[in-house]
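Close look at the chain arrangement
Spelled out, the chains give:
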Amino acid sequence: VKEVSAQGKQGELMLTTTITRSLSSYFLAVKDGDFAPLISFYLDTDTDRATGGTPFGQQQGRSGYDLEIQAHLIARKDEKSKRGSGEVEVSFYQIDGQEKRSVGTPNRKAVTVSGDTVTIRLPYYQLGVKPGDTVRICYREAAEEQGNDLAKDKLVPLN
């Protein structure tokens, strides 16, 4: 992962991940159905570290996160042409203490892939926030373990 950003505007939180090479080159070397975690975002929607929970498997010093957004790469191979392609699947979890519960998968249209960039768009209502709120966000990259200890928190104003 080369760059990670978060921005709130026009009623959506946009989580953008840019990787070091195009996603199409990643999918050339994998088999159909291969699955690889890309990145996890942790959101504290009320910016209160006393509520929410600790990101799954992380140290106790990082707490107060209410939601986890996971992005996974899933390979698809066309056996006739032997061409590789794939998609990014996003899962959405509620964090409560040390427990994590699935709250579904965002609409497929919420994820766009362009070259080396994956953008996840989440409507504010799905996060339980509104314009004028602030969200505390951090991330953890799966492949390189960058962001281990979750990188630095960023406060993102929602316009």
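Everything below is about the structure shown above.
Report on the accompanying structure. (Residues numbered from 1 in each chain as written. Predicted model: local features only at pLDDT ≥ 70, side-chain atom pairs only at ≥ 80, totals over all residues. Heavy atoms only, no water.)

**Some thoughts on the packing of aromatic side chains**
Here the structure, examined in full by the defined rule, presents 1 aromatic pair. Above the plane of the ring of Tyr 93 lies Lys 100, whose end atom (NZ or CZ) is 4.7 Å from the centre. (Phe/Tyr/Trp six-rings, centres within 6.5 Å; stacked < 30°, edge-to-face > 60°. Lys NZ or Arg CZ within 6 Å of the ring centre and 35° of its normal.)

**What to know about the sheet that holds strand S2 (residues 12-18)**
Spatial ordering of the open sheet is given by S1-S2-S8-S7, a layout of 4 strands whose pairing is antiparallel. Edge positions in the sheet fall to strand S1 (3-9) and strand S7 (111-114), since each has one partner strand and no second. With strand direction ignored, the average angle separating the axes of adjacent strands in the sheet is 15°. Inspection of the sheet shows S2 paired to strand S8 (residues 117-123) by 7 bridges, in the antiparallel sense. Residue Thr 18 lies in a different strand from S8, and its bridge partner there is Thr 117. (Pairing = 2+ DSSP bridges. Helix = DSSP H or I, 4+ residues; strand = E, 2+ residues; numbered from the N terminus. Axes fitted to C-alpha atoms, helices over the stretch in contact; angles between N-to-C directions.)

**Observations concerning the layout of surface pockets**
What the largest pocket holds in volume is close to 230 Å³. Every residue lining the largest pocket is counted, 13 residues in all, and those nearest its centre are Ile 19, Tyr 26, Leu 38, Leu 73 and Ala 143. Mapped onto the lining of the largest pocket, the elements with two or more residues apiece are helix H1 (23-28) and strand S3 (35-44). Per-element accounting of the lining of the largest pocket gives the leading share, 3 residues, to S3. Residue composition of the lining of the largest pocket, by class: 9 nonpolar, 1 polar and 3 charged. In this structure, the second largest pocket occupies an estimated 160 Å³ of space. Put simply, the parts of the chain that give the lining of the second largest pocket at least two residues each are S3, strand S4 (67-78) and strand S9 (134-141). Sorting elements by how many residues they give to the lining of the second largest pocket places S3 first, with 5 residues. The residue inventory of the lining of the second largest pocket, partitioned by class, reads 6 nonpolar, 3 polar and 4 charged. (1 Å grid on protein atoms, 1.4 Å probe; cavity = no way out; pocket = protein on both sides within 12 Å on 5 of 7 lines; lining within 4 Å. Points joined across faces, edges and corners; volume = space filled by probe spheres on them. Nonpolar A, V, L, I, M, F, W, Y, C, P; charged D, E, K, R; others polar.)

**Focus: the environment of Pro 37**
Structurally, Pro 37 is set in strand S3. Along the backbone, Pro 37 and Gln 70 are 33 residues apart, and their C-alpha atoms lie at a distance of 7.6 Å. Here Pro 37 is in contact with Ala 71, His 72 and Ala 142, once residues within four sequence places are set aside. (Contact = heavy atoms within 4.5 Å.)

**So, the environment of Ala 142**
The topology assignment puts Ala 142 in the loop between S9 and strand S10 (154-157). Classification of Ala 142 as partly exposed rests on a relative accessible area of 24%. Sequence spacing of Ala 142 and Pro 37 is 105 residues, and the spatial spacing of their C-alpha atoms is 5.8 Å. If near-sequence neighbours (up to four positions away) are discounted, Ala 142 is found in contact with Pro 37, Leu 38 and Ile 39. (Buried < 20%, exposed > 50% of the residue type's maximum accessible area, 1.4 Å probe, protein only.)

Function-wise, these values are silent; they only describe arrangement.
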